[in-house]
Amino acid sequence: MILVTGGAGFIGSNFVLDWLAEHDESVVSLDKLTYAGNLENLVTLKDDERHIFVRGDIGNTELVAKLLKQYRPRAIVNFAAESHVDRSIHGPEDFIQTNIVGTFHLLEAVRGYWSGLAGEEKTNFRFLHVSTDEVYGSLAKDDPAFSETHRYEPNSPYSASKAASDHLVRAYHHTYGLPVLTTNCSNNYGPYHFPEKLIPLMIVNALAGKPLPVYGDGQQIRDWLYVKDHCAAIRCVLEKGRVGEVYNIGGWNEKANLDIVHTVCDLLDELRPLSGKWEVGSGKDTHPTPHSSFPTYRSLITFVADRPGHDRRYAIDARKIEHELGWKPAETFETGIRKTVQWYLDNPGWVSNVQSGAYRQWVEKNYMGRA
Ligand code: NAD
Ligand code: TYD
């Protein structure tokens, strides 16, 4: 079996669901269930004997050591992290605790377990660390995309904490021989994405007739990858990746934020048109309550104050994983974003359940001062 940390989060839950759809190999998911962890993402596995869910912290060495002894996984895939840049700006402490200190404790527990293995079990063991392109910093317009040898230049508390975790993982390989793999991926989107990040926030706000807050001039560029393509890439690296290597994962899909928001609006115009269908909304956030004076969703776009230290451009050079391991994305942005918007339209229950009091407090904190 394999151990997946952060399995109730956005990418982790997609990974666990896809893994069990493709393999019969069991999964233990270890997740602290922070605000970003959601057991509803894994509800279809409720009666599936191949999946065991454990609530706990990657920083709890004793718990992790106990789980490793009990389940003897052949691999660990480490998704657990604090993952939102804006939250790291408002409060970096949790990022230091989980992404740096937590990863350190996890590595210690894994080193203890792996040292006690023998023969093939030891040789074949893998620790796969899931990281981000943000550790490489920001690119100018005409700079070449990030390769695996690009200098680390993290700019936010989030990316700095992920950079530190990548360094720890690297050091555990060089110093102790732990068989690690590291992946650095670009921005993901898809089902189960918590609506604090750009794409799901725009979808849920648009459906509620609320402003679509674009930071700064909206010309910041990200390289977008459909989450299921990321999960397939991780499975590929786990199976075929060379120990100690880093693999960059991306969608060859650079887009400015404003273009992303336009695409989401245009898809909603097609799939859930505003005109004539709904009555004038109350303006409260019950669903659906768009205001009849909005002819298209684009008219909800509102430019707001920029993110401090906002990275201008990310782009991934994904040639290594393609040439060495044969992975490339299956979805184009057009197919992936259509599936994503449709998923949010098909899952209003999930959307309303994640918009709890804590979520509303976050929205107030992050957007109040920006108008
Ligand atoms: P997420 O915030 O949706 O999920 C993180 C999960 O980790 C949650 O379920 C949370 O409960 C859990 N968690 C947090 N702290 C924990 C702890 N101390 N112990 C155990 N569990 C803990 O994040 P995501 O978007 O799914 O990202 C997963 C990983 O992929 C992260 O490491 C992130 O840095 C990386 N990544 C994300 C993206 C992206 O676009 N979302 C891109 C590249 C890399
Ligand atoms: P986000 O989804 O938070 O991912 P990251 O910061 O890790 O790239 O943001 C993606 C881009 O969208 C980023 O340039 C910030 C921008 N953005 C907005 O313009 N408005 C928003 O409300 C949010 C959440 C993000």
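What comes next is a walk through the structure. Bear in mind that the values here come from a model prediction, so they are computed numbers and not experimental data.

Some thoughts on the overall build of the protein chain
Phase 1 of the analysis: If you tally the helices and strands in the protein chain, you get 13 helices and 12 strands.
Phase 2 of the analysis: For 371 residues, the compact-globule estimate of 2.2 N^0.38 gives 21 Å, and the protein chain sits close to it at 21 Å.
Phase 3 of the analysis: Overall size of the protein chain, expressed as C-alpha extent along the three principal axes, is 70 × 50 × 40 Å.
Phase 4 of the analysis: Taking all 371 residues of the protein chain together, the buried fraction comes to 53%.
Phase 5 of the analysis: For the protein chain, long-range pairs separated by at least 24 residues make up 81% of all intrachain contacts whose partners lie at least 6 apart in sequence.
Phase 6 of the analysis: When the accessible surface of the protein chain is summed, it comes to about 16,000 Å², and 51% of that surface belongs to carbon and sulfur atoms.

With respect to the side chain of K197
Phase 1 of the analysis: Note on placement: K197 falls in the loop between β7 (187-189) and α7 (198-207).
Phase 2 of the analysis: An unpaired buried charge is present at K197: no salt bridge exists, and E196, the closest side chain of opposite charge, is 4.1 Å distant.
Phase 3 of the analysis: Of the polar contacts made by the side chain of K197, one reaches the side chain of S83; its length is 3.0 Å.
Phase 4 of the analysis: Beyond its immediate chain neighbours, meaning those up to four positions away, K197 contacts S83 and H84.

Thoughts on unusual backbone geometry
Phase 1 of the analysis: At L33, a residue that is not glycine, the phi angle is positive and equals roughly 55 degrees.
Phase 2 of the analysis: With respect to the helices and strands, the residue L33 is situated in the loop between β2 (27-31) and β3 (51-55).
Phase 3 of the analysis: Residue L33 is classed as buried on the basis of its relative accessible area of 19%.
Phase 4 of the analysis: With a phi close to 45 degrees, R72 is a non-glycine residue in the positive phi region.
Phase 5 of the analysis: Among the structural elements, R72 can be located in the loop between α2 (61-71) and β4 (75-78).

What to know about the packing of helix α1 (residues 10-22) against helix α8 (residues 227-240)
Phase 1 of the analysis: In the contact formed by α1 and α8, the axes pass within 9 Å of each other and the chain directions differ by 65 degrees. The interaxial crossing formed by α1 with α8 has right-handed handedness. Side by side, α1 and α8 meet where F10, I11, N14, F15, D18, W19 and E22 of the first sit next to V227, K228, H230, C231, I234, R235 and L238 of the second.
Phase 2 of the analysis: Of the residues in the contact of α1 with α8, the class split is eight nonpolar, two polar and four charged.

Section: the sheet that holds strand β10 (residues 246-249)
Phase 1 of the analysis: Taken together, the seven strands give an open sheet; going across it, the order is β3-β2-β1-β4-β5-β6-β10, and neighbouring strands pair in parallel fashion. The sheet is open, and its two edges are formed by β3 and β10, each paired on a single side. Each strand axis lies, on average, 20 degrees off the axis of its neighbour in the sheet, ignoring direction.
Phase 2 of the analysis: Direction of pairing for β2 relative to β3: parallel, over a ladder of five bridges. The residue bridging S29 from the neighbouring strand is F53, located in β3.
Phase 3 of the analysis: Of the strands in this sheet, β1 (2-5), β2, β3 and β4 touch α2, which is tilted by about 175 degrees from β2.

A short note on the environment of K141
Phase 1 of the analysis: For K141, the position within the fold is in the loop between β5 (126-132) and α6 (157-176).
Phase 2 of the analysis: When the C-alpha positions of K141 and I221 are compared, they lie 9.0 Å apart, and in sequence the two are 80 residues distant.

Describing the pairing of strand β8 (residues 212-215)
Phase 1 of the analysis: Neither face of β8 is left uncovered, since the one carrying L212 and V214 and the one carrying P213 and Y215 both have all their residues buried.
Phase 2 of the analysis: One ladder, built from four bridges, connects β8 with strand β12 (residues 301-304); its direction is parallel. Across the sheet, the residue bridging to Y215 is V304, located in β12.

Calculation rules
- Residues numbered from 1 in each chain as written.
- Chains lettered and ligands numbered in written order.
- Predicted model: local features only at pLDDT ≥ 70, side-chain atom pairs only at ≥ 80, totals over all residues.
- Heavy atoms only, no water.
- Helix = DSSP H or I, 4+ residues; strand = E, 2+ residues; numbered from the N terminus.
- Rg over C-alpha atoms; globule rule 2.2 N^0.38 Å.
- Buried < 20%, exposed > 50% of the residue type's maximum accessible area, 1.4 Å probe, protein only.
- Contact = heavy atoms within 4.5 Å.
- Areas by Shrake-Rupley, 256 points an atom, 1.4 Å probe, with all protein chains shown as cover.
- Lys, Arg positive; Asp, Glu negative; His and termini not counted.
- Salt bridge = Lys/Arg side-chain N within 4 Å of Asp/Glu carboxyl O.
- Polar contact = N/O pair within 3.5 Å; in protein donor to acceptor, adjacent residues only side chain to side chain.
- Axes fitted to C-alpha atoms, helices over the stretch in contact; angles between N-to-C directions.
- Left-handed = near helix turned anticlockwise from the far one by under 90°.
- Nonpolar A, V, L, I, M, F, W, Y, C, P; charged D, E, K, R; others polar.
- Pairing = 2+ DSSP bridges.

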